[in-house]
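Architecture and fold: a report
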Amino acid sequence: MSLRSLSSRARVALSFVVLAVLVLAVAAAVSDTIKQPDKLIILSTTDVKGKTSPCG
Amino acid sequence: MDSIKSSYGQVVLVDNGGFFPESDPQMDAAWFLMDAMKMLNTAAVGTSERELRWGLAYLKSIVNQKNLPMVSSNLLEASTRRPVFKPYVIEKAGRAKVGIFSLMSDKVDLGPARDSLKVEEPSAAARRSIDELKKKGATVIVLLSQLGKVESEDLAAAVPGIDAVICGHNVPLLQKGRMVKNTVTSYGGEQGQYVSQTTITLDAKGKMTTGENESFILGPEIPDKPEITKVVKDFEDALNEKLRKAEKERAAEVQQQVTQQTDHFLGADLCQRCHQGETAQWKTTSHSMAWQTLIDVKKDATPECIGCHVVGYKAPGGFQGSTDAPRLVNVQCENCHGMGTRHEDYSSKLKVTAQTCTNCHHGENDPEFNWDKKLPMVAHGNMSGETVQRKKIKPTNPAMMKGGSGGQ
């Protein structure tokens, strides 16, 4: 069973992957144009406690 | 994701701290997460006592080695009263200069380094950091707080000048943040289950006019990046193999200690001799396949996962290691009803309650768990198999369905 197919995946985010995708998305946006220069986004994680994915 | 990509360019990534793992054998996870944060260009990483669990020298050495931007405004060397890490960083993001500082509680145990460290009273450190950040031109100030929910909010209310607080240290998930006076707060839960997004509206000088916050999960509508997923999976598989060895050694020690205790787990093979109907029903539930789900993702040697997928992990008579498979794997009778040696108490003292289920289906593992709705799905009269269908579990071990070990 892949990570993708885990039912728990929908509710337990793999923050590392989330952030990676966000960074890539944001980088693409920056290289294009800053469409909303009056907005600043702070993306945060907290107390990750060594977790990199759900148990299963 | 698409909305962020199409709408914003000014994004700052931070981690609030508390990212070190629970147990010593999982030390590798700390290294992996630090690499990940560097790879993601994380602007600042907060500090908590959790990061000090293996001592200050160890932490400083890997922080330096990884060149990780750890910050703490109030963690000081006891002898010199100088900060252990940078007290803050300033990150340029479009028209904003974002000053980020971190605070930890002065009431926590600092572990092996407790004698050589001092934690300054948080509000004093906050006032000093805010003052310095403003003098250095910061237009937006963000606090990475390891003070817990209440103390973080109290500090935001008492100390002016903080635009956003990321609340951490046993803080429950709240999907929406709120304003505490002029500060927008974030409650992103823990264990990396959620990412919190604080959106700040800037004026022409790059200062905050309004702020809002929302924490969200990555749902199936967002595709994975295969190359990133592979990096994570490769690490986890290697860690699981390493943990398997540690688990074997621990199990051998426990087996020597646990001989004939008064009360102990028995395993479902014994139960099903009398409870055949209940056993047949149990085999239609995902509880009867819980172990396989760990094997599938190679977490069958990860201590923090095993407990909810076997009978009596580390307890007398319970699962100690892989040598106890298949007799004590899966969520069996005794997970819900208690130790078999206390059978006579089942009808009086050992009732199945919400607490029975939330030992595993708690906020971190199953944030949407509702006992009233979920209990009927596994009740012994329910032969629908709906828990298996909902989880889309493939019964890869047909023996489980045909009469393997266990019964509930």
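Quick look at the structure, then. (Residues numbered from 1 in each chain as written. Chains lettered and ligands numbered in written order. Predicted model: local features only at pLDDT ≥ 70, side-chain atom pairs only at ≥ 80, totals over all residues. Heavy atoms only, no water.)

Below, the discussion takes up the sheet that holds strand β12 (residues 195–202) of chain B. Spatially, the 5 strands line up as an open sheet ordered β2(B)-β1(B)-β1(A)-β12(B)-β13(B), and their pairing is mixed. Strands with a single pairing partner mark the edges of an open sheet, and in this sheet they are β2 (44–45) and β13 (208–216) of chain B. Bridge analysis of strand β1 (residues 11–15) of chain B against β2(B) gives 2 bridges, and the strand direction is parallel. Looking across to β2(B), one finds that Asp15(B) is bridged to Val45(B). (Pairing = 2+ DSSP bridges. Helix = DSSP H or I, 4+ residues; strand = E, 2+ residues; numbered from the N terminus.)

Residues and elements named next belong to chain B. Listed as buried for helix α5 (residues 149–158) are Ser-152, Glu-153, Leu-155 and Ala-156. The buried residues of α5 all sit within an arc of 160° when viewed along its axis, so they share a single face. Contacts from the buried residues of α5 go to β5 (96–104), α4 (122–135), β7 (140–146), β8 (164–167), β10 (179–180) and β11 (183–188). (Buried < 20%, exposed > 50% of the residue type's maximum accessible area, 1.4 Å probe, protein only. Arc of directions from axis to C-beta. Contact = heavy atoms within 4.5 Å.)

Bringing the pattern of salt bridges into the picture now. Once their charged atoms are close, side chains differing in charge can pair, the charge on each being opposite to the other. Residue and element names in this part refer to chain B. On inspection of all chains with the given rule, the structure shows 20 salt bridges over all chains. One salt bridge connects Arg-53 with Asp-24, and the closest N-O pair in it is separated by 3.5 Å. Residue Arg-53 is found in the loop between β2 and α3 (56–66), and its partner Asp-24 is found in the loop between β1 and α2 (27–39); the two are separated by 29 residues along the sequence. With its nearest N and O atoms 3.7 Å apart, the salt bridge here joins Asp-237 to Lys-298. Remark: Lys-298 occurs in the loop between α9 (290–296) and α10 (303–306) and Asp-237 occurs in helix α6 (residues 226–257); sequence separation between them is 61 residues. By relative accessible area, which is 18% here, Asp-237 ends up buried. Each of Lys-149, Glu-153 and Arg-178 takes part in salt bridges that share partners, so that together they form one network. (Salt bridge = Lys/Arg side-chain N within 4 Å of Asp/Glu carboxyl O.)

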